[in-house]
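Descriptive structure summary
Letter by letter, the chains look like this.
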Amino acid sequence: MNKQPGTRGLIFNEPQLWDKSRKGRCAVSLPIADVERCQLDASLVGESPELPQLSELDVVRHYTRLSQWNFGVDSGMYPLGSCTMKYNPKTNEVQAARQGFAGAHPLAGDEFSQGALKLMYDLEHLLGEITGYPAVTLQPAAGAHGELAGMLIIHAYHAKKGKQRSKIIIPDTAHGTNPASASLCGYESINIKSGEKGILEPAAVAAVMDEDTAGIMITNPNTLGLFEENIKEICQIVHAKGGLVYGDGANMNAIMGIVKPGHLGIDVLHLNLHKTFSTPHGGGGPGSGPVGVSEDLIPFLPIPRIEKDLTRYRFVTECPDTIGRIHTFYGHFGIMVRAYSYILSMGGRGLHRASQLAVLNANYIKESLKETLNLPYDRPCMHECVFNDKHQQVFHVTTMDMAKRLLDYGFHPPTVYFPLVVDAAFMVEPTETESKENIDQFIDAVKAIVREARETPELLKKAPLLTKVTRLDEVGAARKPCLRG
Amino acid sequence: MKEISDLNFSENVKYTKDHEWAKLSKDIVTIGLSDYAQDQLGEIVFVELPEVGDIFTKGDEFGSVESVKAVSEVYLPVSGEVVEINAALEDNPELVNEDCYEGGWLIRLKPDDLSELDDLMDKAAYLDMLKG
Amino acid sequence: MRYLPHTKEDIDEMLAKTGLASLDDLFKTIPDALKTKAPLNISEGLSEWDLNEHMEALASANIACKNYKCFIGAGSYDHYIPSIVPYLISRSEFATAYTPYQPEVSQGTLQGIYEFQTMITELLGMDIATASHYDCGTALAECALIALRKDRNASRIAVSSLVHPHHRQIMETYLHPAGYQMIQIPRTREGLTDLAALGAMEGIAGVAVQSPNFLGNIEDLSAFKAVADTKKILFIASFTESLAYGLLKNPGSCGADLVAGEGQSLGIAKGFGGPGLGLLAGTQKMMRNLPGRLIGKTKDANGDDGYVLTLATREQHIRREKASSNICSNNGLNAMTAAIYLATVGKIGIREIAQQNHDKAVYLKTALEKAGFEPVFDSPFFNEFVLKAPKGFARKRADLISKQCIFAGMDLEPYYPELKDHYLFCATETVSKNDMDQLAKEVQ
């Protein structure tokens, strides 16, 4: 494959909906009224909302054209570090669309929802098996929501012990949702630095761990794509002073069937079904963030829980120590169906294989590009590797410029400027669903861009050139926000 | 971001370790951000200021300055009552970038204890801090 | 396995590049003591065909697999979904795209959600709407936190006891660790929130009222705004049925400072309760306090219009521990779905559909009253209402489900123990006159 994916092509302008609107058009088939009209008192009735008035083809063309401006996993490679943009299997969509699932009312009653209850119960146990936890809740609606649930569980645990603590230890490699979730529970974040090898040193944790610290939030593998080798000792240090260990499981794709976080001493862990378990990102969501807990923390799980008596399943809400409800119903059931289908399709051996290949792909990229881009940590990586723009600074070319130029080559850029411990980070996570040829194309594209950085840096400053819009004025957007039309 | 040698440092103000400046005139202290601070932040999109009449102690956070990618809290080097805020910053936050020692001032305070100003650095000491 | 493209040759070549002998060697940096000894106790992967069979069996164990008649709302509503909605939202450029952090290749999502934000502000009469939250309950909890943080003197918030019971539970969960408290406003005999009781409350940071409320009744939001103003506190309005605002006076015109809502009615399947669509809107003044993603319009280097995520400095990836919320993912694809639905029904359609919802509910209520149910509240409602059931209804109701797949209302006793034998009914545009006549006949 010599040609890079990105090329020129005719796409279409499309105005805003209200610019296409014409009075009197309507795209919906109105049901025929078969009962009497009943006017509410005029004081209760408002003006009809000013929604656009369009024909059905207007709507279809609008959204078809809009979709053609988007890049998705189905369009091309999306090597976003820490996001695990793997292929979203289409059979999962078929399963989620089954009438018995899609049409189910959440309050129909346990007796009439046995299929949904069994699926959720089984999924809890599958996720528990993969991560090494005796109990899992599926209620959190996203990873950050799972982190909040985890923090609430830790908070409830200490409250039950009779002494509430005020601090949480957060490594410098943490995702922003970690300290934000801790703050929501009233915890003060105590930030500690990772060591020279890019992982946490037990001494750094021991230096700050005390009886007023509720625990630590750890990501393993961490956001540099490195396995936290000292995890067991760190957990012991925290436990010795009565604290708990929270695990951010966003990077679970590296270790399925290899390491079980529950066996490392991590007391509570969240997962991202929209990362590791192949559910689609949807342009920003919906996700799902199940949480696994150790035995001691089971009483604090959110309600409702799911229990099984012989062959019947039911929701249980009489849990005196629960943190309470965190979602109106049971969480993002539609996302659970997709993840469940994925796990059943892959099987135990398949999931293990996926992790092995994800890590192989990342190490292959690391070895192939380490002479091209600066690699701050030249050590074996897990499922992602981090470069930066140190070698390009002499040409005044930044990570941002290289990322934007990658768009012209037909690749979505990697994660940039995260984690914060690496200056101008360029974090690549290929995932296991990309073939060697796709990865070779990506490597060639990066090498070509680095050459351009040397020879024609002005080109990179103007990139992207082939996309529908060029670089946007984010300063103007923030100074004079225009949030509606 | 610029080199320290390319930045401007006014002679007429005193500096804090958090990169604010303070200037005493008659008995009012004006506070702003140093050229180093605005350069680090990048193009400023929003400035959050307190209300006139608010009372603060030295070291209190009195507002924040936002660029597209970062937010920085601003801290008071002296205690006192806010007597004026720079209303021009609401529509033109970029004044902090363009004219940080004059048009881009943040607030004016009636100080409780003028001796608190003695703890601040002059231009030479601030430059030393930046280089060191 | 069809999702894993690596052939043996691929693996050999790639391992050679890394200088390792086997796939297991990739994990050398992990101490052996930390590795799991046994393989995962999960069966072999199913073929697509076996998966279909397995999932069909599970789906069939839900009554929803049959054509059932649903006269229950309570936060999840049965509405017609036009065929173009699932068709358009299934386009993989929408579904498999990431969050639009690289706006140049995400203008589809960005314009789509910008249009969503705009249409929601129209629907609710507010100045700004965010790019969505998980659901109404969590959006409402975020609104409560905004009010409590703004007012440094108060640590309590007044919440109507007629806000959806699960939403109140979520608020408790969110407020508790920060030391905040909820004070519940009791209801009146008319099934409305007690305005006088609110008037007597002191030391509160804000007030939250749902309209139509959980019992289906329409609240006088302007009156609550007036009380909130005299106390100089924030007024938060919430709702579970978005279509109500195709007909009713919207919260913005009643003076709401913040609005939290559930958007599931806008083209999203009930889906056993999730994912739904959390809506959050505010006045212009509240702009920088709103949590979650916001999309703004701007220009590119050539002067062409474009859209970007903006005001990101409120969010966790920049503010970290000082962020007002920890939210990262939103319910993006469902927000797009709602946008497509709103564009499809448009100004004419939403009014007609909302009106039909009300007409059907009035018809159903009358029919059930003729069949022996007692009216309870004398308040205007949208598409849900409460009736007291005649003796023996509970058994009849169970029979109706198992024999005819009809869900005749929802028992309110678990939520309000004093409302024994009271049922919450819902009628939407999806139930026909015949369906309602049949139900009335069955429960006579």
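Since we're looking at a predicted model, the values are computed, not measured. (Residues numbered from 1 in each chain as written. Chains lettered and ligands numbered in written order. Predicted model: local features only at pLDDT ≥ 70, side-chain atom pairs only at ≥ 80, totals over all residues.)

**Considering the sheet that holds strand β4 (residues 213-219) of chain A**
Residues and elements named next belong to chain A. Strands sit in the order β1-β7-β6-β5-β4-β2-β3 across an open sheet of seven strands; the sheet is mixed. Edge positions in the sheet fall to β1 (135-137) and β3 (188-192), since each of these pairs with one other strand and no more. On average, each strand axis in the sheet is tilted by 25° relative to the strand beside it, whichever way the strands run. Pairing geometry for strand β2 (residues 167-171) and β4, over three bridges, is parallel. By the bridge assignment, Ile-168 is partnered in β4 with Gly-215. Its contacts with the sheet put helix α5 (residues 114-131) on β1, β6 (268-270) and β7 (291-293), and the angle it makes with β1 is roughly 120°. (Pairing = 2+ DSSP bridges. Helix = DSSP H or I, 4+ residues; strand = E, 2+ residues; numbered from the N terminus. Axes fitted to C-alpha atoms, helices over the stretch in contact; angles between N-to-C directions. Contact = placed C-beta atoms within 7 Å.)

**Considering the domain arrangement of chain C**
The extent of an interface is frequently quoted as the accessible surface area lost upon association of the parts. Residue and element names in this part refer to chain C. When cut into domains, chain C gives domain 1 (63-81 + 347-443) and domain 2 (84-341). Each of domain 1 and domain 2 has a C-alpha centre, and the two are 27 Å apart. Taken together, the contact between domain 1 and domain 2 spans 27 residues of the former and 27 residues of the latter. Those elements giving two or more residues to the side of domain 1 that touches domain 2 turn out to be α11 (332-370) and β12 (384-388). When its residues are assigned to classes, the side of domain 1 that touches domain 2 shows 14 nonpolar, nine polar and four charged. (Domains from an automatic or database assignment. Nonpolar A, V, L, I, M, F, W, Y, C, P; charged D, E, K, R; others polar.)

**What to know about the packing of helix α11 (residues 399-408) of chain A against helix α12 (residues 436-455) of chain A**
Residues and elements named next belong to chain A. Orientation of α11 relative to α12, taken along the N-to-C sense of each, is 125°, at an axis distance of 10 Å. It follows from the interaxial angle that α11 and α12 lie oblique. Like other packed secondary-structure pairs, α11 and α12 cross with a definite hand, here right-handed. Here Met-402, Arg-405 and Leu-406 of α11 lie close against α12, whose contacting residues are Ala-445, Ile-449, Glu-452 and Ala-453. (Parallel < 35°, antiparallel > 145°, perpendicular 65-115°, else oblique. Left-handed = near helix turned anticlockwise from the far one by under 90°.)

**Description of the nonpolar core**
Among the nonpolar cores identified, the biggest contains 332 residues, and Ile-153 of chain A together with Cys-143, Ala-144, Val-207 and Ile-236 of chain C are the most heavily contacted of them. Counting residues per element, this core draws most heavily on helix α10 (residues 333-369) of chain A, at 20 residues. Setting aside anything within four residues of it in sequence, one finds Ile-153 of chain A in contact with Val-268, Val-293, Leu-297, Phe-300 and Ile-323 of chain A. (Core = buried A, V, L, I, M, F, W, Y, C linked by C-beta atoms within 7 Å. Buried ≥ 20, exposed ≤ 12 C-beta atoms within 10 Å, placed from the backbone.)

**With respect to the sheet that holds strand β14 (residues 410-411) of chain C**
Residues and elements named next belong to chain C. The strand order β11-β12-β15-β14 describes an open sheet built from four strands, whose pairing is antiparallel. With partners counted over all chains shown, the strands left at the sheet margins are β11 (374-375) and β14, one partner each. As defined by bridge partners, β14 adjoins strand β15 (residues 422-426) across two bridges and the pair is classed as antiparallel. When the bridges of β15 are listed, Asp-411 appears paired with Tyr-423.

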